[in-house]
Amino acid sequence: MYAFEIERPTSVAEAVTALGTEEAQPLGGGQTLIPTLKQRLAMPSKLVALTAIADMKYVRRDGDTLAIGGGTTHGTVAKEAATHFPGLAGLAARIGDPAVRNRGTIGGSIANNDPSACYPSAALACGATIVTNTREIAADDYFQGMFMTALEEGEIVTEVRFPIPEKSAYMKFEQIASRFPLVGVFVAKYADRVGVGVTGASNDGVFRWSEAEEALAGDFSADAVAGLTAPDASDMISDLHGTGAYRAHLIGVMTKRGVAAAS
Amino acid sequence: MTEVTMTVNGKSVRRAVRGNELLVEFLREQLRLTGTHVGCDTSQCGACCVHVNGELVKACSMFAAEAEGAEVTTIEGVANADGSLNVIQQAFQDHHGLQCGFCTPGMVMSAASLLKENPKPTEAEVRHWLQGNICRCTGYHNIVKAIMAASGQDVATVAAE
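Residues numbered from 1 in each chain as written. Chains lettered and ligands numbered in written order. Predicted model: local features only at pLDDT ≥ 70, side-chain atom pairs only at ≥ 80, totals over all residues. Heavy atoms only, no water.

## A look at the nonpolar core
And step 1. With 37 residues, the main nonpolar core has A:Ile110, A:Tyr119, A:Tyr142, A:Phe162 and A:Phe186 as its most contacted residues.
And step 2. Of all the secondary-structure elements, those providing two or more residues to this core are β5 (65–69), α4 (86–93), α6 (106–112), α7 (119–126), α8 (139–142), β8 (157–163) and β10 (181–189) of chain A.
And step 3. When residues of this core are assigned to their parent elements, the largest contribution, six residues, is made by α7(A).
And step 4. Split by domain, the residues of this core number at least three in each of domain 2 (54–163) and domain 3 (167–261) of chain A.
And step 5. Judged by nonpolar contacts, the second largest core, of 34 residues, contains B:Val4, B:Val17, B:Ala70 and B:Val72. (Core = buried A, V, L, I, M, F, W, Y, C linked by side-chain atoms within 4.5 Å. Buried < 20%, exposed > 50% of the residue type's maximum accessible area, 1.4 Å probe, protein only. Helix = DSSP H or I, 4+ residues; strand = E, 2+ residues; numbered from the N terminus. Domains from an automatic or database assignment.)

Rendered as structure tokens:
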């Protein structure tokens, strides 16, 4: 790692001030950023650790909405969201491994927008609201391609707000070495619509499979997906773990399984 | 350099740390607690697992400065008060849950977290939990047996042929 200073503010306001320094970078749970720093792929002058901000760690239900503080770990979401939103708790419970889930945070995952991260698929499928220290951003406007988001320099994800679906499930086809999804699909059924968020597959990062959403809105069954044409394989990631065509095929398979498993 | 204060295995320690100093470097190089191992340094292998405020953490993927005020427990701090092996450590010995021993400190710390959360895990739950702990001697069967035994369960059928 290159040398840098580290600060540990205890409030969002202090963190925002600390991030005003040139080349300062926020540090969530660090489960992606620390390995990145070790490879010298980033050279911040200062890291602003968000882990000491108690106000950013919570899972709160407010009517039909589940609000999760940006600093909440995957392990906490897995436990505390289980009764309110089992689909999301199930997603969180399968990120990384137990030690990673005790550090990694929802805000960090959403801010990094890794093309194979799990949370962005749920945020998109549910039409979540990404709350920052300055504004609220609709998920559809927030995710802007691989590692790209609507966040400005120094902006912090303080909360992610999910409308709780009637039924949902996350299906992850693991890349066996990294355990990241080779393809992950989050299916969320609401009274008036269905959301299908796909991660791990596309060259453009997380996306909504709108054809499946339309088909499932009329008939929420695996059969409704069966007749659909798979997303265009030429838009999909092709690497030694799987071709674009393979990933495109998996999207259909995982969506069907998600519909069948939704609870 | 910043000053950091934490409690490690029950003792309060205060040291100056670099901003980029990992918790595992702090434990091994400043405190000379070399029982916590560095296997991969990419947060895959789990040899560096310790407990921070009672939670399982990979010490290679957390900065020492972030442990300010924390209670840290390493493999050196888990034996019984009289110095004898604790129930998990003893079970690893009894069931040959190690060959070279490199992954063992992480395995023991990880197992302790599992049993705290789930005192009677099934074999499948133990194997799933150990996803973040890699053993290069491929000794998983006996590690799983040891953890099942430490939870007070019969291990005769674990990994049966």
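Resuming the write-up.
## Notes on the UniProt feature "domain: FAD-binding PCMH-type" (unreviewed entry) in chain A
And step 1. Those places that UniProt annotates as "domain: FAD-binding PCMH-type" (unreviewed entry) correspond, in this numbering, to residues 1–167 of chain A.
And step 2. The annotated region residues 1–167 of chain A carries 31% helix and 21% strand content, and the separation between its end C-alpha atoms amounts to 44 Å. (UniProt positions renumbered as here; feature names shortened; annotations may be inferred.)

## Focus on the interface of chain B and chain A
Often the size quoted for an interface is simply the accessible area lost on bringing the parts together.
And step 1. With 24 residues of chain B at the interface, the matching set in chain A holds 29 residues.
And step 2. Summed over the three residues of chain B that lose the most area to chain A, namely B:Phe63, B:Glu66 and B:Gln131, the buried surface amounts to 28% of that side.
And step 3. Here chain B and chain A share four salt bridges between them.
And step 4. For the salt bridge of A:Arg103 with B:Glu66, the shortest nitrogen-to-oxygen distance reads 3.1 Å.
And step 5. Between the two partners, chain B and chain A, sit nine residue pairs in polar contact (both at pLDDT 80 or more).
And step 6. Looking at the side of chain B that touches chain A element by element, the count peaks at four residues for strand β4 (residues 55–58) of chain B.
And step 7. Among the residues forming the side of chain B that touches chain A, the class breakdown is 10 nonpolar, eight polar and six charged. (Contact = heavy atoms within 4.5 Å. Buried area = accessible area lost by both parts, 1.4 Å probe. Salt bridge = Lys/Arg side-chain N within 4 Å of Asp/Glu carboxyl O. Polar contact = N/O pair within 3.5 Å; in protein donor to acceptor, adjacent residues only side chain to side chain. Nonpolar A, V, L, I, M, F, W, Y, C, P; charged D, E, K, R; others polar.)

## A short note on the domain arrangement of chain B
All names here are of chain B.
And step 1. Partitioning chain B into structural domains gives domain 1 (2–77) and domain 2 (87–150).
And step 2. On a C-alpha basis, the centroid separation for the pair domain 1 and domain 2 is 21 Å.
And step 3. For the interface between domain 1 and domain 2, the tally reads zero salt bridges.
And step 4. Our count for the domain 1 to domain 2 interface comes out at eight residue pairs in polar contact (both at pLDDT 80 or more).
And step 5. Going through the elements one at a time, β3 (49–52) and β4 are the ones with two or more residues in the side of domain 1 that touches domain 2.

## Description of the pairing of β10(A)
Residue and element names in this part refer to chain A.
And step 1. Within β10, nine of the nine residues are buried, which leaves the element mostly enclosed by the surrounding structure.
And step 2. As judged from the eight bridges shared by strand β9 (residues 167–174) and β10, these two strands associate in the antiparallel manner. Note on β10: the bridge partner recorded for tyrosine 170 is phenylalanine 186.
And step 3. Hairpin connection between β9 and β10: a loop of six residues separates the two successive antiparallel strands, and arginine 179 in this loop has a positive phi of roughly 65 degrees.
And step 4. The antiparallel pairing of β10 with strand β11 (residues 194–199) creates a hairpin that spans four residues between the two strands. (Pairing = 2+ DSSP bridges.)

## Points about the environment of A:Thr199
All names here are of chain A.
And step 1. For threonine 199, the position within the fold is in strand β11.
And step 2. On the basis of relative accessible area, threonine 199 is assigned to the buried category, the value being 0%.
And step 3. Separated by 35 residues in the primary sequence, threonine 199 and isoleucine 164 have C-alpha atoms spaced 20 Å apart.
And step 4. Setting aside residues up to four positions removed in sequence, threonine 199 forms contacts with Pro115, Ser116, Ala117, Cys118, Ser121, Tyr170, Pro181, Leu182, Val183, Gly184 and Val206.

## Comments concerning the environment of A:Pro86
All names here are of chain A.
And step 1. Note that proline 86 resides in helix α4.
And step 2. Spatially, the C-alpha atoms of proline 86 and glutamate 159 are 19 Å apart, while their sequence positions differ by 73 residues.
And step 3. When sequence neighbours within four positions are dropped, the list of residues in contact with proline 86 reads Ala81 and Ser263.

## Topic: the packing of aromatic side chains
Residues and elements named next belong to chain A.
And step 1. Scanning all chains against the criterion turns up six aromatic pairs over all chains.
And step 2. Measuring from centroid to centroid gives 6.4 Å for phenylalanine 173 and tyrosine 246, while their planes differ by 85 degrees, and the two rings are edge-to-face. In this pair, phenylalanine 173 sits in strand β9 while tyrosine 246 sits in helix α11 (residues 244–261), placing the two residues 73 residues apart along the sequence.
And step 3. On the basis of relative accessibility, which here comes to 27%, the residue phenylalanine 173 falls in the partly exposed class. (Phe/Tyr/Trp six-rings, centres within 6.5 Å; stacked < 30°, edge-to-face > 60°.)

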